[in-house]
Amino acid sequence: QASILFQASIDQDDWRKSLQAARSPLGSLTTRTLATSENIDQPAGAPDGTYVRCVFNSSFENKKTAIETVTLIEEPDGKWRVAGYFIK
């Protein structure tokens, strides 16, 4: 269900492995609070389009302070889909 852009950048099995490697050591999610969101029309390293970047302050069982960034893109069918996910 990810965006076309996201799907073109990584194979589903590689994404699953990458996400598991990044998230598993953190343990269960404890809290997630939206810190900021911003509209972006020309994101660095991505094609122009209509994007929203959401930054969350998150806490996990084994990492009390984390920042998750989820970037959404509005696709030609008018639906918003995930174009990127990063965690620090």
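Quick caveat: nothing in here was measured; it's all calculated off a predicted structure.

## Digging into the side chain of T71
Here is step 1 of the chain: Tracing the backbone shows T71 in strand β3 (residues 63-74).
Here is step 2 of the chain: The exposure class of T71 is buried, given its relative accessible area of 14%.
Here is step 3 of the chain: Beyond its immediate sequence surroundings of up to four residues, T71 is in contact with Y51, V52, R53, R81, V82, A83 and G84.

## Describing the nonpolar core
Here is step 1 of the chain: In this structure, V52, C54, F56, V70 and Y85 together form the largest nonpolar core, which totals five residues.
Here is step 2 of the chain: For this core, the element with the highest residue contribution is strand β2 (residues 51-60), accounting for three residues.
Here is step 3 of the chain: When neighbours within four sequence positions are excluded, Y85 is seen to be in contact with F6, W15, L19, R23, E68, T69 and V70.

## Some points on the packing of aromatic side chains
Here is step 1 of the chain: Here the structure, examined in full by the defined rule, presents two aromatic pairs.
Here is step 2 of the chain: Aromatic pair F6 and W15: ring centres 4.9 Å apart, planes at 90°, arrangement edge-to-face.
Here is step 3 of the chain: Owing to a relative accessible area of 10%, F6 belongs among the buried residues under this scheme.
Here is step 4 of the chain: Residue W15 is classed as partly exposed on the basis of its relative accessible area of 24%.
Here is step 5 of the chain: Here the aromatic rings of W15 and Y85 are separated by 6.4 Å at their centres, their planes lie at 80°, and the arrangement is edge-to-face. Pair noted here: W15 is in helix α2 (residues 12-23) and Y85 is in strand β4 (residues 80-87), with a separation of 70 residues, a long-range link.
Here is step 6 of the chain: Every member of this aromatic cluster is reached through a ring pair, and the members are F6, W15 and Y85.

## A short note on the environment of D11
Here is step 1 of the chain: Residue position: D11 is located in the loop between α1 (4-9) and α2.
Here is step 2 of the chain: We classify D11 as partly exposed; its relative accessible area is 43%.
Here is step 3 of the chain: Reaching out from D11, the side chain makes a polar contact with the backbone nitrogen of D13 at a distance of 2.8 Å.

## Digging into the sheet that holds strand β1 (residues 29-40)
Here is step 1 of the chain: Across the sheet, which stays open at both edges, the four strands sit in the order β1-β2-β3-β4 with antiparallel pairing between neighbours. Both outer strands of the open sheet, β1 and β4, are each paired with one neighbouring strand and no more. Averaged over all pairs of adjacent strands, the angle between their axes in this sheet comes to 25°, without regard to strand direction.
Here is step 2 of the chain: In this structure, β2 lies alongside β3, joined through nine bridges in antiparallel fashion. Paired with N57 across the two strands is I67, which belongs to β3.
Here is step 3 of the chain: Those strands touched by α2 are β1, β2, β3 and β4, and its axis lies near 45° from that of β4.

Cut-offs and rules
Residues numbered from 1 in each chain as written. Predicted model: local features only at pLDDT ≥ 70, side-chain atom pairs only at ≥ 80, totals over all residues. Heavy atoms only, no water. Helix = DSSP H or I, 4+ residues; strand = E, 2+ residues; numbered from the N terminus. Buried < 20%, exposed > 50% of the residue type's maximum accessible area, 1.4 Å probe, protein only. Contact = heavy atoms within 4.5 Å. Core = buried A, V, L, I, M, F, W, Y, C linked by side-chain atoms within 4.5 Å. Phe/Tyr/Trp six-rings, centres within 6.5 Å; stacked < 30°, edge-to-face > 60°. Polar contact = N/O pair within 3.5 Å; in protein donor to acceptor, adjacent residues only side chain to side chain. Pairing = 2+ DSSP bridges. Axes fitted to C-alpha atoms, helices over the stretch in contact; angles between N-to-C directions.

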